[in-house]
Amino acid sequence: MPRKCSNTDKRGPWIRRVLPSELERIREAEGEVLGRLGELGYGEDDRFAVRLALEEALVNAMKHGNRMDASRRVRVAYRASAEQVEIHVADEGEGFDPAQVPDPTADENLSKPSGRGIMLMRCYMDEVTYVCEGREVHMVKYRRA
Amino acid sequence: MPEAENLVCIADRQGVKLVRLRAAALLTEDEVEALGQALMALAEMPGQRVVLSFLGVTHITSVVLNTLVLVQRRLEESGGDLRLADIDPHVFEMFAITRLDRKFRIFERDEDAVASFLAGPEG
């Protein structure tokens, strides 16, 4: 998670939230981030992309990371400016190796019900990086001109 | 969990089951599970032909895509098929990115999807 929190950074201040592993709590985090993007004038395509990626990241953190253990938390940090939005999502699980997730678009995997969330995050965000052995994902979306 | 009948509306079109959704977004686990259960119940009928209309749905997640894959697998096992229609451009893009637009037959309007079933196996 980011350690600096500067209000003078042109990318905006980091805003942090801690959520229990309860799927119904995802709405409030999404609403807050999307509300901020709306204030900054982000278009529909950008907001669709961020909503989808954030939803996928939070579901992954709660279900696959924390295994829906209510005692484990999901930490969300985001900062948004007129040019870009950065989002970090961290869970308290055991981590995973994203390189080991099979390509869901391979012919042999098209009928398998898994692996699409990470792929969609990578497609809709401009940068997606896993750190802390897969327990934390960092995403960046640059605003469309 | 929401009752399936609160989430979906199922109509019969000459033997083809037309499933329409009552929600603009399919995001919560409960909503997706209810949708999956409703579709799986239809798949219990051998040879069932199902059209799922996404009319008015603007947001889904990968969980929905995975659920549809499971439903399609079940339908194919029993000689049936699932066809999709009325997909919002943003949502369609998700099918295209994941190449599921090649797995599912997708139609612009639900009546086109129903007609494709009524036209025969190659419809």
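All of these numbers come straight from a predicted model, not from anything done at the bench. For every chain, the first residue of its written sequence is number 1, and the numbers climb from 1 along that sequence. The naming scheme follows written order: chains are lettered A onward, ligands numbered 1 onward. For this predicted model, a pLDDT threshold of at least 70 governs which residues receive local features, and a threshold of 80 or more governs which side-chain atom pairs are given and counted, while totals over whole chains, interfaces and linings are taken from all residues.

S.K.: I tried to follow the environment of R67 of chain A on my own but got confused; where do I start?
M.R.: You can see R67 of chain A is positioned in the loop between α2 (44-65) and β2 (73-80). Remark: the alpha-carbon pair of R67 of chain A and E22 of chain A, spanning 45 residues in sequence, is separated by 10 Å. Here a strand is any run of E in DSSP of at least two residues, a helix any run of H or I of at least four, and the numbering for each starts at the N terminus.

S.K.: When you look at the interface of chain A and chain B in this model, what are you seeing that I'm missing?
M.R.: For interface size, the figure often reported is the accessible area lost on association. Each side of the interface is counted separately: chain A has 18 residues, and chain B has 17 residues. At the level of secondary structure, the elements contributing two or more residues to the side of chain A that touches chain B comprise α2 and α3 (116-124) of chain A. Once C-beta atoms have been placed from the backbone, residue pairs whose C-beta atoms lie within 7 Å are recorded as contacts.

S.K.: Whenever I open this one, the packing of helix α2 (residues 29-43) of chain B against helix α3 (residues 62-77) of chain B confuses me. Can you help?
M.R.: Any two packed helices are characterised by how steeply their axes cross, that is the angle between the axes, and by the distance between the axes. All names here are of chain B. Orientation is described by axes fitted as lines to C-alpha atoms, over the contacting stretch for helices, and by angles from 0 to 180 degrees between their N-to-C directions. Packing of α2 against α3 brings their axes to within 9 Å, and their N-to-C directions diverge by 10 degrees. Compared by their axis directions, α2 and α3 come out roughly parallel. Each of V32, L35, G36, L39, M40 and A43 in α2 lies in contact with α3, whose residues at this interface are V63, V64, T67, V71, R74 and L75. Residues that form the contact of α2 with α3 fall into these classes: 9 nonpolar, 2 polar and 1 charged. Oblique is the label for any angle not under 35 degrees, not over 145, and not in the 65 to 115 range, which are roughly parallel, roughly antiparallel and roughly perpendicular in turn. Gly is placed with the polar residues, together with every amino acid not listed as nonpolar (Ala, Val, Leu, Ile, Met, Phe, Trp, Tyr, Cys and Pro) or charged (Asp, Glu, Lys and Arg).

S.K.: Is there a simple way to explain the sheet that holds strand β4 (residues 81-85) of chain B in this structure?
M.R.: All names here are of chain B. The rule for pairing is simple: two strands pair if DSSP sees at least two bridges between them. Read across the open sheet, the 5 strands follow the order β1-β2-β3-β4-β5; overall the sheet is mixed. Two strands bound the open sheet, and with one partner strand each, they are β1 (8-13) and β5 (105-107). Mean inter-strand twist for the sheet, computed between neighbouring axes without regard to direction, equals 25 degrees. Summarising the sheet, β1 and strand β2 (residues 16-21) pair through 6 bridges and their orientation is antiparallel. Bridge assignment links A11 to a residue of β2, and that residue is L18.

S.K.: Any chance you could explain helix α6 (residues 110-118) of chain B here in plain terms?
M.R.: One turn of an α-helix holds 3.6 residues; hence residues three or four places apart share an orientation. All names here are of chain B. Each residue is classified by how many other C-beta atoms fall within 10 Å of its C-beta atom, where C-beta atoms are placed from the backbone; a count of 20 or more means buried, 12 or fewer means exposed, and values in between mean partly exposed. When we look at burial in α6, the residues that qualify are D110, A113, V114, S116 and F117. One face of α6 carries all of its buried residues, which in axial projection span an arc of 155 degrees. In this structure, the buried residues of α6 make contact with β1, β2, β3 (49-53), β4 and β5. Where α6 terminates, the next one or two residues include G120, which has phi positive at roughly 120 degrees. Regarding the arc, it is the one traced by the directions from the helix axis to the C-beta atoms.

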